[in-house]
Amino acid sequence: MVSVSLVPIASRIAAKEGELSELLAYPQERLAAIIQEVGFRCDLCSRCCTRAFNGHVFLLDRDVIIAREIDPESVEPAPFPEFCDQKGTFYVSGYALRAKDDDCGSCYFLENNRCRIYDRRFSICRVYPYMLHREPDEQGNVDWRQIAGLDQHGEYHTEIPEIRCQEAAAETKDYEIACIRQEISFLIYIQDYFSRNQLRHVQKIYDDRMRAFARGEEIRIMVFCNGRLEEHRIGHTG
């Protein structure tokens, strides 16, 4: 049995704090210049509103509040839980937006290729396709990523006013900072929670329970949201 102690959690916290420091130091003007150079304009194709194109939509805590006000059924535990304790309970850092059970996994709020809550759309929806985080490219080189789905949707090289580029850059940086801070809060909480309750992450149990879930068995997931854990029991429907 391979278990992971609290030491790796502390290491992950330190790594995330390092990412946050790098992000805070990233010049907003650099991102604004890239946004202006790319000149992206949405052409209402709605591809970005599907899991087939974008995977799951992770929600910040502030967005979960809005989503639940609109429709409590619109959110679900985010996939890929970070931890599983020795009792078989999973822990995940937040909620994702629910998708429809159609061929492309359309957003829960997408109707006739249009967002039915556009005026209250969530943080990631407001900044997309702009992003600001470090990730490896196809060759494994880690560098900043500022645009999602480049040349795969929308129109490019359109004229965008400089003030709008600055606003988009500020909104994007604020979103990415909030994401990392939420992840850090989750890791700190789990580190303390595991210590107080004599729990530990066990990879073998994680893998075994995930295989059971794939076979249709129910699993217990604790979702971190607004500073506390919320319990869910879900069964595989795929």
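Residues numbered from 1 in each chain as written. Predicted model: local features only at pLDDT ≥ 70, side-chain atom pairs only at ≥ 80, totals over all residues. Heavy atoms only, no water.

## Digging into the confidence of the model for the protein chain
On average, residues of the protein chain score 92 in pLDDT, and 96% of them are at 70 or above. Mean pLDDT in the protein chain bottoms out at strand β1 (residues 3-4), which sits at 40, and peaks at strand β5 (residues 90-92), which reaches 98. In this model residues 1-5 is a low-confidence stretch, pLDDT under 50, and it forms 11 contacts with partners more than four residues away in sequence or in other chains. (pLDDT = per-residue confidence, 0-100. Helix = DSSP H or I, 4+ residues; strand = E, 2+ residues; numbered from the N terminus. Contact = heavy atoms within 4.5 Å.)

## Structural notes on the sheet that holds β5
Within a sheet, neighbouring strands are paired by backbone hydrogen bonds and run either parallel or antiparallel to one another. Across the sheet, which stays open at both edges, the four strands sit in the order β4-β5-β12-β13 with mixed pairing between neighbours. Two strands bound the open sheet, and with one partner strand each, they are β4 (83-84) and β13 (228-235). Strand direction decides the pairing type here: strand β12 (residues 218-225) and β13, joined by eight bridges, are antiparallel. Following the sheet pairing, M222 is matched in β13 by E231. (Pairing = 2+ DSSP bridges.)

## Examining the state of the cysteines
This structure, assessed with the given rule, holds zero disulfides. Not engaged in a disulfide, the cysteine C104 finds its nearest cysteine sulfur in C49; these two sulfurs lie 10.0 Å apart. The exposure class assigned to C104 is partly exposed, which follows from its relative accessible area of 30%. C49 provides the cysteine sulfur closest to C107, a residue in no disulfide bond, and the two sulfurs are 6.1 Å apart. (Disulfide = S-S within 2.5 Å. Buried < 20%, exposed > 50% of the residue type's maximum accessible area, 1.4 Å probe, protein only.)

## A closer look at the pattern of salt bridges
A side chain with one charge may pair with a side chain of the opposite charge, provided their charged atoms come close. What the rule picks out here adds up to 21 salt bridges. A salt bridge links D208 to K204, with the nearest nitrogen and oxygen atoms 2.9 Å apart. One end of the pair is D208 and the other is K204, both in helix α7 (residues 203-214) and four residues apart, which spans about a single turn. Looking at K204, the relative accessible area reads 43%, which means it is partly exposed. Look at the salt bridges and you will find they share partners, linking K16, E19 and E183 into a network. (Salt bridge = Lys/Arg side-chain N within 4 Å of Asp/Glu carboxyl O.)

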